[in-house]
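Commentary on secondary and tertiary structure
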Amino acid sequence: MKKIAWLTKRPIAHRGLHDLNKKVWENTLTAASRAVAKNFAIECDVHLSSDRVPIVIHDDDLKRLTGEDGFVWQRTAAELRQLKVGGTKDHVPLLSDLLGLVRGKVPLVIELKGTPGHDDGLVEAVAAHLKDYKGKVAIMSFDHWLIRDFRKYMPEIPAGLTAYGKETKLVEAHFAMLAHDLDFTSYAAGDLPNPFVSFVRDRLKMPVITWTIRDKPAIDLTFRYADQMTFEGFDPDRVLA
């Protein structure tokens, strides 16, 4: 495991510092700018366009975020970049747009979104974008093959497992993921505590961040069983003051 104390130093803004999609929408450059201004790390999601360009967007279906029919993987990067998010002035950003905005001012945690049959090249494309990036950055995913393959291209970048669940089969599957040389875990707060999180944190000294924190009870749960939170809908500096 790598030395990544920076990952847990500050709360992580879930999809940027948005306002629950009222005026500032998730995974937009405006949400990222607000996070940078408050010195919060930024979590974002990345899919692949039809021409193999990393796109910052959570859903593979375009409807909820842009009002358009179809899927991310059916559009080119240029086409996606023209779409407005939530009817705001913000357009769907490319990963390169986000990297150019942040420029190492705060850490980035990039979640690779696997889409069966449509994610070939995602790992290579993201790795290529990060090759010359100077800021602190980590990747994570629910999908073990993306974590495994990213190691082939950029083993120096911290990689984490995004996970949830308390059921025995799920927890056992998470233990199997340790073979992929993880550096941290991002776990659903509502599923804490559980044997996997306790083991990686207490025995392996692996940092654990939680998702997605929206209220004080979840904050308390985080700092009882984990090291940092991925939050949305409030300002942690005010709540934790």
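Below or above, wherever it landed, is the structure these notes cover. The structure displayed is predicted, hence computed values, not measured ones.

1. What to know about the packing of helix 4 (residues 95–102) against helix 5 (residues 122–130)
In a pair of packed helices, the angle between the axes and the distance between the axes together describe the arrangement. Direction vectors running N to C along helix 4 and helix 5 enclose 25°, while the axes themselves pass 11 Å from each other. Taken together, the axes of helix 4 and helix 5 lie roughly parallel to each other. Of the two possible hands of crossing, helix 4 and helix 5 adopt the one that is right-handed. Where helix 4 approaches helix 5, its residues Leu95, Ser96 and Leu99 are matched on the opposing element by Val126, His129 and Leu130. Here the residues of the contact of helix 4 with helix 5 are counted per class, giving 4 nonpolar, 2 polar and no charged.

2. Here's the deal with the side chain of Asp90
Examined against the element boundaries, Asp90 turns out to sit in the loop between helix 3 (77–81) and helix 4. No salt bridge is formed by the buried Asp90; its nearest oppositely charged neighbour, Lys89, is found at 6.4 Å. Within polar-contact distance, the side chain of Asp90 engages the side chain of Thr30 at 2.7 Å. Those residues in contact with Asp90 that sit more than four places away from it in its chain are Thr28, Leu29, Thr30, Leu83, Lys84 and Val85.

3. A short note on the environment of Leu130
Residue placement: Leu130 occurs in helix 5. Judged by relative accessible area, which is 2%, Leu130 ranks as buried. In sequence terms Leu130 and Met154 are 24 residues apart; their C-alpha atoms lie 8.7 Å from each other. Leaving out residues up to four positions away in the same chain, Leu130 has contacts with Leu99, Ile110, Val137, Ile139, Phe150, Met154 and Ile157.

4. Points about the nonpolar core
Ile110, Leu112, Leu130 and Phe150 are the most contacted members of the largest nonpolar core, which has 54 residues in total. When residues of this core are assigned to their parent elements, the largest contribution, 6 residues, is made by helix 5. In contact with Ile110, not counting residues within four places along its chain, are Cys44, Val46, Leu95, Leu130, Val137, Ala138, Ile139 and Met140. If you look at the next biggest cluster of nonpolar residues, it comprises 13 residues, including Leu65, Leu80, Leu83 and Leu94.

5. Quick notes on the pairing of strand 4 (residues 108–112)
The element strand 4 is largely enclosed, with a buried count of 5 among its 5 residues. Where burial is concerned, the two faces of strand 4 agree: the one with Leu108, Ile110 and Leu112 and the one with Val109 and Glu111 are both buried. Relative to strand 4, strand 2 (residues 41–48) runs parallel, the two being bridged by 5 bridges. Bridged to Val46 within strand 4 is Leu112. Inspection of the sheet shows strand 4 paired to strand 5 (residues 137–141) by 4 bridges, in the parallel sense. Within strand 5, the residue paired with Glu111 across the bridge is Met140.

So, how was this worked out
- Residues numbered from 1 in each chain as written.
- Predicted model: local features only at pLDDT ≥ 70, side-chain atom pairs only at ≥ 80, totals over all residues.
- Heavy atoms only, no water.
- Axes fitted to C-alpha atoms, helices over the stretch in contact; angles between N-to-C directions.
- Helix = DSSP H or I, 4+ residues; strand = E, 2+ residues; numbered from the N terminus.
- Parallel < 35°, antiparallel > 145°, perpendicular 65-115°, else oblique.
- Left-handed = near helix turned anticlockwise from the far one by under 90°.
- Contact = heavy atoms within 4.5 Å.
- Nonpolar A, V, L, I, M, F, W, Y, C, P; charged D, E, K, R; others polar.
- Buried < 20%, exposed > 50% of the residue type's maximum accessible area, 1.4 Å probe, protein only.
- Lys, Arg positive; Asp, Glu negative; His and termini not counted.
- Salt bridge = Lys/Arg side-chain N within 4 Å of Asp/Glu carboxyl O.
- Polar contact = N/O pair within 3.5 Å; in protein donor to acceptor, adjacent residues only side chain to side chain.
- Core = buried A, V, L, I, M, F, W, Y, C linked by side-chain atoms within 4.5 Å.
- Pairing = 2+ DSSP bridges.

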